[in-house]
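# Examination of the molecular architecture
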Amino acid sequence: MEKIYSSATVCLHLNGTQKCNLELDPDLNNLMAKSRDFDLLRNVWIQWRNSSGRPIRSLYKKYIELGNKAAVKNGFKTLDDLWLFPWETSDFKQQVEHLWQEIKPYYVKFHAFIRMKLRKYYGASRMPTDGTIPAHILGNMWAQSWGNIFELVAPFPTKKSLDVSDTMVAQNYTPQRMFQLSDKFFTDLGLIPMPGEFWRESMISKPTNRKVVCHASAWDFYNRKDFRIKMCTNVNMEDLITVHHEMGHIQYYLQYKDQPITFREGANPGFHEAVGDLLALSVSTPRHLAKINLLHDYVEDKEITLNYQMQMALQKLAFLPFGYLMDLWRWDLFSGKTSKETMNRSWWQYRLSLQGISPPVRRNETDFDSGSKFHIPASVEYIR
């Protein structure tokens, strides 16, 4: 499944020319982030799912069967029980649902505001009448975070942009420089500098001689000295924040590297993500961006603060129901609550009910739209 996902490419008509072998990163991700062509975005959305998700469907059914067999042999009822075991709480599903219900009223208002802005931009005829937002116009292949449409929804669009991507390009930033900046961020806090193996062995740019999974990840090789990041880094603000998140993982590895192997992991599966995101959030504040010379002539006022809060909401509040349903959908499949024959229907029921997102075209059970997201074929839990 991972091989299918990592090698998937599509063909598109762009500017009157057919272009083939377009890859998710950077080709399709850039189109989803920057294009405002409703029909082009819909075609990109469809083609990626035809190429990546659909071929995985039958394999995923087998994966569920094998996963449940493994769970039983290890003393669990089903695979979801095995996945939830490290959280050490018997009512974990109920706790997460309770948290979502607390946050949901804010998300509903936020969703309505974004829907209103997109209706004004694309026209009422382009928007569904059921109150949902089409999945392909939110600036991201999976509509998991919406930061790339900030200029369409900014409360104060005339105020200085908080996206420093163009400034990074103008200042000749490279992936190496982005990682060096992040390393300085951590050492300035009194934390551990990256060891030599990190700089020699990490993959921080997309290789030209082989296919790779570009989804950013941090690695601990459990020998107390070899720690690496694998990332196809692009010079933009989104990746600058991701760099700091991944470096946060490495910092955590470095802090517990001298513990016995049993204790060389996060206190629970969410701890690593919390550490990584805490540090990434610190980096994205206007004050810090001004400090590192990426935000010029910055004067803090109410309007800039509201723009910044909107930018954070597009990244973080928009993500919450997606992050939840990624695993809620799998828990139901593993436990048998959802039939393997209705996997795609169940996926869209959750996307409709939790996210308020609808597919741009009709879907059916030959499709496997969840499989177009890395964590599904790679078997990586998401609730963390």
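The structure under discussion appears in the preceding block.
Residue indices begin from 1 for each chain and proceed along its sequence in written order. Where totals are concerned, whole chains, interfaces and linings use all residues; where local detail is concerned, this predicted model gives features only for residues with pLDDT of at least 70, and gives and counts side-chain atom pairs only at 80 or more. Only heavy atoms go into the side-chain values, all of them from the structure, while hydrogens and water stay out.

Where helix α4 (residues 57-73) contacts helix α15 (residues 319-335), the axes come no closer than 10 Å and their chain directions differ by 65°. By the angle between their directions, the pair α4 and α15 is classed as roughly perpendicular. Classified by chirality, the crossing of α15 by α4 is right-handed. Contacts between α4 and α15 involve Y60, Y63, I64 and N68 from the former and W329, R330, L333 and F334 from the latter. Residues are grouped as follows: Ala, Val, Leu, Ile, Met, Phe, Trp, Tyr, Cys and Pro are nonpolar; Asp, Glu, Lys and Arg are charged; all remaining types, including Gly, are polar. Looking at the contact of α4 with α15 residue by residue, the class counts come to six nonpolar, one polar and one charged. A fitted line through C-alpha atoms serves as each axis, taken over the contacting stretch for helices, and the angle formed by two N-to-C directions is quoted from 0 to 180°. In DSSP terms, a helix is any run of H or I states spanning at least four residues, a strand is any run of E spanning at least two, and both are numbered starting from the N terminus. These descriptions rest on fixed angle ranges, namely under 35 degrees for roughly parallel, over 145 for roughly antiparallel, 65 to 115 for roughly perpendicular, and the rest for oblique. Each crossing gets its handedness from the near helix: less than a right angle anticlockwise from the far helix is left-handed, clockwise is right-handed. Here, two residues are considered to be in contact whenever any of their heavy atoms come within 4.5 Å of each other.

Turning to the pattern of salt bridges, a few remarks are in order. One speaks of a salt bridge when a side-chain nitrogen belonging to Lys or Arg is within 4 Å of a carboxyl oxygen belonging to Asp or Glu. A full pass over the atoms with the stated rule returns 22 salt bridges. Between R57 and E365 there is a salt bridge whose closest N-O contact spans 2.9 Å. One end of the pair, R57, is in helix α4; the other, E365, is in the segment after β6 (357-358), and 308 residues separate them in sequence. Within this structure, R54, R363, D367 and D369 form a network of salt bridges that share partners.

Moving on, we come to the state of the cysteines. Any pair of cysteine sulfurs within 2.5 Å is marked as a disulfide. In total, this model carries two disulfides according to the counting rule given. Paired by a disulfide, C214 and C232 hold their sulfur atoms 2.1 Å apart. Handedness here is read from the sign of the S-S torsion; for C214 and C232, about -75°, the answer is left-handed. Of the two residues, C214 is situated in the loop between α10 (196-201) and β4 (217-220) and C232 in the loop between β5 (227-230) and α11 (237-255); the sequence distance between them amounts to 18 residues. We note that C214, like C232, is buried. Sequential numbering of the bridged cysteines in the protein chain gives the disulfide pattern 1-2, 3-4. Buried residues are those whose accessible area, probed at 1.4 Å on protein chains only, stays under 20% of the maximum for their type, while exposed residues exceed 50% and partly exposed ones sit between those limits.

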